[in-house]
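Now for the letters of each chain:
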Amino acid sequence: MVISMNCLGLGVLMFSLWHIECNVGFSEITIRMANITPISTESCKIGFIGAGKMAESIGRGVINSGVLPASNVRTAHLGLRRTVFESFGTKVFDQNSQVVQDSDVVIFSVKSQVVKDVVLQLRPLLSEKQLLVSVVAGVKLKDLQEWAGHSRFIRVMPNTPAAVGVAASVITLGDAATKEDGELISKIFGAIGKVWTAQEKLFDAITGLSASGPAYIFLAIEALADGGVAAGLPRELSLGLASQMVLGAASMAVSTGKHPSQLKDDVASPGGTTIAGIHELEKAGFRGILMNAVVAAAKRSQELSMN
């Protein structure tokens with residue numbers, strides 16, 4: 001009986017300690033979340049660390065769409081890119097530290113080889129009052145959060161059609177990023193195209209498809225134009241037709257709601273020209289080649305993210 005009471009007492013003690021520990025942990029989480037200041041979409045200031053083409057596309061997009069006024073967008077540069085950003089009203093500082101100190105949303109848009117050094121250099125200035133965003137390919141949230149010292153981070157994978165406002169962007173939220181943070185970034189990147197949300201484990205495959213994919217299509221347009229030239233068309237006409245045809249086909253795939261196979265069948269009449277061309281593509285393994293390209297790029301993305 002004494003043994004039973006001792007066991008019971010020990011059990012009560014262990015439960016009590018566990019209960020206290022859980023309450024402390026919950027309190028720490030509550031305090032941590034309470035320190036996260038909501039960021040107003042209308043008044044937020046976004047700053048780009050890196051003044052390359054992607055930063056320019058996003059900056060132009062949010063300004064031209066009216067999501068933010070030009071006075072709320074900033075970056076830093078000392079070279080020719082400074083003039084580019086100033087041309088559409090962006091505030092341009094001399095130092096990245098100035099951008100961080102004057103921004104609610106900090107978007108890292110630098111090469112993957114240097115992002116670690118850049119984030120570590122700015123770490124003393126970063127706080128959870130700011131939402132951090134990365135558009136850097138192949139760099140995981142786990143590493144970004146560790147370098148920054150906090151996890152109010154969102155990772156975005158856009159693609160180069162951002163330059164003409166028709167990007168395909170995918171976002172994933174870091175540990176301390178809120179639902180409202182995700183909505184804010186979706187609105188910002190919605191200014192340059194369409195936005196999806198996905199788990200980070202899918203980002204290598206997303207890289208292989210939508211991030212690398214525009215290059216596959218450019219190659220296809222070039223090949224189609226060469227085919228037109230081989231069939232007797234002038235080069236300029238052939239390239240124009242190939243480009244517009246791809247644009248039109250993509251628009252149909254997006255807007256009609258029909259499966260691509262149905263759209264293909266709608267064009268390919270029995271014994272006609274289209275089915276003859278499709279037959280040649282099938283004999284050459286066209287589908288498999290494109291599938292292999294996506295898988296190879298995804299695999300390479302995975303390899304790079306491990307380095």
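Just above sits the structure.
Heads up: these notes are all about the structure in this document. Worth saying up front: this structure is predicted, and the values here are computed from it rather than measured.

Calculation rules
For every chain, the first residue of its written sequence is number 1, and the numbers climb from 1 along that sequence. For a predicted model such as this one, the threshold for reporting local features is a pLDDT of at least 70, and the threshold for listing and counting side-chain atom pairs is 80 or more; totals across whole chains, interfaces and linings nevertheless cover every residue. Calculation of side-chain values draws on the structure's entire complement of heavy atoms; hydrogens and water are dropped beforehand. Under the DSSP-based scheme used, a helix requires at least four consecutive residues in state H or I and a strand at least two consecutive residues in state E, with every element numbered from the N terminus. Exposure categories follow from relative accessible area, calculated using a 1.4 Å probe and restricted to protein chains: below 20% of the type maximum is buried, above 50% is exposed, and the middle band is partly exposed. Throughout, a contact is declared for two residues whenever any of their heavy atoms are within 4.5 Å. Note on areas: these come from Shrake-Rupley sampling with a 1.4 Å probe, and a residue is covered only by the protein chains present in the view. Only strands that DSSP links by at least two bridges are regarded as paired with each other. The axes used here are C-alpha line fits, helices contributing only the stretch in contact, and every angle between their N-to-C directions lies in the interval 0 to 180 degrees. Any angle that falls under 35 degrees is termed roughly parallel, while one over 145 is termed roughly antiparallel, one within 65 to 115 roughly perpendicular, and all others oblique. Each crossing is labelled by how the near helix is turned from the far one, with a counterclockwise turn of less than a right angle marking it left-handed and a clockwise turn marking it right-handed. Only rings of Phe, Tyr and Trp enter the pairing, Trp through its six-membered ring, and a pair is recorded when the two centres are within 6.5 Å. The plane angle decides the type: under 30 degrees is stacked, over 60 is edge-to-face, the rest tilted. As defined here, a cavity is a set of points on a 1 Å grid over the protein atoms alone where a 1.4 Å probe fits but cannot get out. A pocket is an open set with protein on both sides within 12 Å along at least five of seven lines, and residues line them when an atom is within 4 Å of a point. Grid points are joined across faces, edges and corners, and a volume is the space filled by probe spheres set on the points. Ten residues, namely Ala, Val, Leu, Ile, Met, Phe, Trp, Tyr, Cys and Pro, are considered nonpolar, four, namely Asp, Glu, Lys and Arg, are considered charged, and the remaining ones, Gly among them, are considered polar. Counting rule for charge: Lys and Arg are taken as positive, Asp and Glu as negative, and neither His nor the chain ends is counted. A carboxyl oxygen of Asp or Glu within 4 Å of a side-chain nitrogen of Lys or Arg is what we treat as a salt bridge. Crossover handedness is defined here as right-handed if the route from the first strand over the helix to the second strand goes clockwise, with the strands pointing away from the viewer.

**Some details on the overall build of the protein chain**
Regarding its fold elements, the protein chain presents 13 helices and eight strands. Put simply, the protein chain has 307 residues, and 37% of those count as buried. For the protein chain, the share of sequence-separated contacts (at least 6 apart) that also reach a separation of at least 24 residues comes to 63%. Looking at the protein chain as shown, the accessible area adds up to about 17800 Å², and 63% of this sits on carbon and sulfur atoms.

**Overview of the sheet that holds strand S5 (residues 131-134)**
As summarised here, the arrangement of the eight strands in space is S3-S2-S1-S4-S5-S6-S7-S8, forming an open sheet in which the pairing is mixed. On the outer flanks of this sheet lie strand S3 (91-93) and strand S8 (193-197), each paired with one strand and no other. Each adjacent strand pair in this sheet contributes to an overall mean axis angle of 25°, direction not counted. Where strand S1 (residues 46-49) lies against strand S2 (residues 73-76), three bridges are found, and the strand directions are parallel. By the bridge assignment for S2, Gly47 is matched with Arg74. The strands touched by helix H2 (residues 53-64) are S1 and S2; relative to S1, the strand with the most contacts, the crossing angle is about 165°.

**Some thoughts on the packing of helix H9 (residues 213-230) against helix H10 (residues 235-255)**
Between H9 and H10, the least distance of the axes is 8 Å, while the angle of their chain directions is 135°. Of the possible angle classes, the one that applies to H9 and H10 is oblique. In terms of crossing hand, the pair formed by H9 and H10 is right-handed. Residues Ile217, Ile221, Leu224, Ala225, Asp226, Gly228 and Val229 of H9 touch H10, and the partners they reach there are Arg235, Ser238, Leu239, Ala242, Ser243, Met245 and Val246.

**Brief notes about the packing of aromatic side chains**
Per the counting criterion, the structure on display carries two aromatic pairs. Summarising the aromatic geometry, the rings of Phe85 and Phe88 are spaced 5.5 Å apart at their centres and angled 45° between planes, so their arrangement reads as tilted. The exposure class assigned to Phe85 is buried, which follows from its relative accessible area of 0%. Owing to a relative accessible area of 12%, Phe88 belongs among the buried residues under this scheme.

**Let's talk about the layout of surface pockets**
As a volume, the second largest pocket reaches approximately 810 Å³. Lining the second largest pocket are 27 residues, with Val110, Ser112, Val135, Val136 and Ala137 sitting closest to its centre. At the level of elements, H2, helix H6 (141-148), helix H8 (203-211) and helix H13 (286-306) are the ones that each hand at least two residues to the lining of the second largest pocket. If one sorts the elements of the lining of the second largest pocket by residue count, H13 sits on top with four residues. Looking at the lining of the second largest pocket residue by residue, the class counts come to 12 nonpolar, 11 polar and four charged.

**Quick notes on the side chain of Asp204**
Mapped onto the secondary structure, Asp204 falls in helix H8. One buried charged residue, Asp204, forms no salt bridge at all, with the nearest opposite charge on Lys140 at 4.4 Å.

**Quick notes on the pairing of S1**
The two faces of S1 match: Ile46 and Phe48 on one face and Gly47 and Ile49 on the other face are all buried. Following the chain from S1 across H2 to the adjacent parallel S2, one finds a crossover that is right-handed. For S1 and strand S4 (residues 105-108), the ladder comprises four bridges, and the chain directions are parallel. Within S4, the position partnered with Ile49 by the bridge is Phe108.

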